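Chain and residue survey
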Amino acid sequence: MQFLGRIGLIVLWLAAPLVAFAAANKNDPYLLMLRGAGNIALVVASIAIVIVLLRGGRWRTIAGKLLVVLWCLPPLLMSAAHLKFELRKHDVLAASAAEARQLGPHFMVGYTSFPDVARLAERGLIGGIYVTRHNIRGRRIEALRAEVAALQDKRRAAGLPPLVVAADQEGGIVGHLAPPLTKVPALATLTGLAPDEQQAKAEEFGRIHGRELAGLGVNLNLAPVLDLKPPARRNRLDFHTLIGQRAIATDPAVVSVIASAYVRGLEQSGVGATLKHFLGIGRVRTDTHHFSASLETPVKELEAADWLPFREVLSHSRSALMVGHVTLTAVDPDRAASHSKRVVDGIIRDRWGYQGVVMTDDLVMGAIYQNDVCKAVVEAINAGVDLLLVAYDGAQFYRVFACALEGSRQGKLDAAMLRASEARLERGFSTEQARAASRAVRVVDRN
């Protein structure tokens, strides 16, 4: 019995700093699973352990006192972290109408709380929302449709343009709303067909996705994937990118044909496409969900292969372009492409002449979030990025928007870039597609 007691004390000594660390960082994306009930359980457990230690007489020794103090820390640290979050949230919600009008259209956010996102939408603090599996978990799909329609109604009542409503329906292993939406095979399954059949089936897949997404009020699909399929297996630590299973083919021409047909089908239903993940992550072995990544391939080689599908599909569609968090060392070795002016303004805008909507990959990914996220936000806006995506953990929106707000108040944001971006958003697919999808969902509701 005494032996078990000593083991228990050792466990408490080892666990105390870990629990304190988790409490202090309760708002970190990596601890998302601890939010809500998990946080409550952690506090209750800490208090219970303190009570047990006190009742067991541990306060009589110096070591015991230290252990009690250590287990008193988690509730205090969690309270401090929550207070910091609430103060930042208050500052964001208190932004002036002029600040909201200037910055809000450039942010797209995922959400779990409808009241919270509704407040952001009607105050103009966001320009779009991202819906995914947790928005339909345990609910009927009609509830999400009604939620999207309600948000668009709030926008109209506030005299604001419709929200861009995005989802992630690639087909294959990435179909975050399927089921209940139709589970469509990956576009890669079409490569063995004859060229005419490839196009016909890809267009059909696009129409299926477009019709069902438009019926929900979704007007932007974060698909198709245009990265070239890597010839070899990526590293064993790649748990999330999994580009080998998502990419269409190794041949740029095949990727272009299938992706173009898919985009045509999508656009026929009034839903915009998003080409991803420029620079092309088929050559990148690091998973940017968690780590920084670099691409050392010469630009000429990328232009002749990986970038061909992007340029081809952009040339005859109204697609948006998603830029990933990969550093192109030959062009800008100091920052990821998603916030590099040399890449976004220099290559995409100037060299390619593309004046459509450019968006970042999720800013909650480790390649950005674990580094200087405020610097990345300011640099992305100044580079000419139009939409900054905060998808996985919508609560991080307040931190990300606070970065932009601070940058604006300190005069760090390029006003000319912001005006050009605003013009692109106004004339781009987003407003027209949003209105079309908004009309579509109202028709569905009436029927």
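Within each chain, residues carry numbers counting from 1 in the order of the written sequence. This being a predicted model, a pLDDT of at least 70 is required before a residue's local features are given, and a value of 80 or more before pairs of side-chain atoms are given or counted; all residues contribute to the totals for chains, interfaces and linings. Think of the side-chain values as coming from all heavy atoms in the structure, minus any hydrogens and water.

A separate point is the overall build of the protein. Secondary structure counts use DSSP, requiring at least four H or I residues in a row for a helix and at least two E residues in a row for a strand, with both numbered from the N terminus. Check the secondary structure of the protein and you find 17 helices and 12 strands. The C-alpha atoms of the protein give a radius of gyration of 24 Å, which matches the 22 Å a tight globule of 447 residues would have. Based on the C-alpha atoms only, the size of the protein along its principal axes is roughly 80 × 55 × 45 Å. For the exposure calls, accessible area comes from a 1.4 Å probe over protein chains only, and a residue counts as buried if that area is under 20% of its type's maximum, exposed if over 50%, partly exposed in between. Residues counted as buried form 54% of the 447 residues belonging to the protein. A contact between two residues is defined here by any heavy atoms of the two lying within 4.5 Å. Taking as baseline every contact in the protein between residues at least 6 positions apart, the subset at least 24 positions apart corresponds to 75%. Here the Shrake-Rupley method, with its probe set to 1.4 Å, supplies the accessible areas, and only the displayed protein chains count as covering residues. Per element, the accessible surface of the protein, about 19700 Å² overall, is 58% carbon and sulfur. Neither His nor the chain termini are counted; the positive set is Lys and Arg, and the negative set is Asp and Glu. Where a charge sits is defined by one atom per residue type, namely NZ (Lys), CZ (Arg), CG (Asp) or CD (Glu). A distance of 7 Å separates the average location of the 53 positive side-chain charges in the protein from that of its 42 negative side-chain charges. The globule rule used here is 2.2 Å times the number of residues to the 0.38 power, and the radius of gyration it is set against is calculated over C-alpha atoms.

Pairing between sheet strands relies on hydrogen bonds along the backbone, with the strands arranged either parallel or antiparallel. Pairing between strands is defined by DSSP: at least two bridges between the two strands are required. Overall, parallel pairing links the 8 strands, which are arranged β11-β9-β7-β6-β3-β2-β1-β12 in an open sheet. If you trace the sheet from one side to the other, it starts and ends with β11 (358–360) and β12 (388–390), each paired once. Sheet analysis places strand β7 (residues 272–278) next to strand β9 (residues 320–323), joined by 3 bridges and oriented parallel. Bridging from a neighbouring strand, threonine 274 pairs with alanine 320 of β9.

Our next topic: the state of the cysteines. Two cysteines whose sulfur atoms are joined by a covalent bond form what is called a disulfide. In this description, a disulfide is simply a cysteine sulfur pair whose atoms lie within 2.5 Å. Counted according to the given criterion, the structure contains 1 disulfide. The partner cysteine of cysteine 374 in its disulfide is cysteine 403, sulfur to sulfur 2.1 Å. Taking the sign of the torsion about the S-S bond as the criterion, the disulfide between cysteine 374 and cysteine 403, at about -70°, is left-handed. Linking cysteine 374 in helix α14 (residues 373–383) with cysteine 403 in helix α15 (residues 397–409), this pair joins segments that are 29 residues apart in sequence. The exposure class assigned to cysteine 403 is buried, which follows from its relative accessible area of 2%.

So, about the environment of leucine 387. Residue position: leucine 387 is located in the loop between α14 and β12. A relative accessible area of 1% means that leucine 387 is categorised as buried. With 261 residues separating them in the primary sequence, leucine 387 and isoleucine 126 have C-alpha atoms 9.8 Å apart. In contact with leucine 387, not counting residues within four places along its chain, are Pro105, His106, Phe107, Met108, Val357, Val358, Met359, Thr360 and Leu425.

Looking now at the pairing of β7. When you tally the buried positions in β7, you get 7 out of 7 residues, the bulk of the element. Pairing of strand β6 (residues 220–221) with β7 involves 2 bridges; the strand directions are parallel. Directly across from asparagine 221, in β7, lies its bridge partner alanine 273.

Now for the packing of aromatic side chains. Here the aromatic set is Phe, Tyr and Trp, taking the six-membered ring for Trp, and pairing holds for ring centres within 6.5 Å; pairs whose planes are under 30 degrees apart are stacked, those over 60 apart are edge-to-face, and all others are tilted. Across all of its chains, the model carries 9 aromatic pairs by this definition. Put simply, the rings of Phe85, Phe107, Phe397, Tyr398 and Phe401 touch in pairs and so form one group of aromatic residues. The criterion for a charge sitting over a ring is simple: Lys NZ or Arg CZ within 6 Å of the ring centre, and within 35 degrees of the ring normal. Directly above the ring of tyrosine 369 sits arginine 399, whose terminal nitrogen or CZ lies 4.6 Å from the centroid.

Here we come to the pattern of salt bridges. By convention in these notes, a salt bridge is any Lys or Arg side-chain nitrogen within 4 Å of a carboxyl oxygen on Asp or Glu. Throughout the structure, instances matching the rule amount to 21 salt bridges. Note that arginine 335 is salt-bridged to aspartate 332, the shortest N-O span being 3.1 Å. Among the residues examined, aspartate 332 registers a relative accessible area of 2% and is labelled buried.

Next up on the list: unusual backbone geometry. Proline 179 connects to proline 180 through a cis peptide bond whose omega is 15°. Relative to the elements of secondary structure, proline 180 occurs in the loop between β5 (174–175) and α7 (195–216). With omega at 10°, the peptide bond leading from alanine 223 into proline 224 counts as cis. Here proline 224 shows up in the loop between β6 and α8 (243–246).

Low pLDDT means the predicted coordinates in that region are not meant to be read closely. As a per-residue quantity, pLDDT reports the predictor's confidence and falls between 0 and 100. Mean pLDDT over the protein works out to 91, with 93% of the residues at or above the 70 mark. The low-confidence segment residues 440–447 (pLDDT under 50) makes 12 contacts with residues lying over four places distant or belonging to another chain.

By the secondary structure assignment, valine 358 is in strand β11. On the accessibility criterion, valine 358 (0% relative accessible area) is buried. In this structure valine 358 touches Leu321, Val323, Val344, Ile348, Arg349, Val385, Asp386 and Leu387, once residues within four positions along its chain are discounted.

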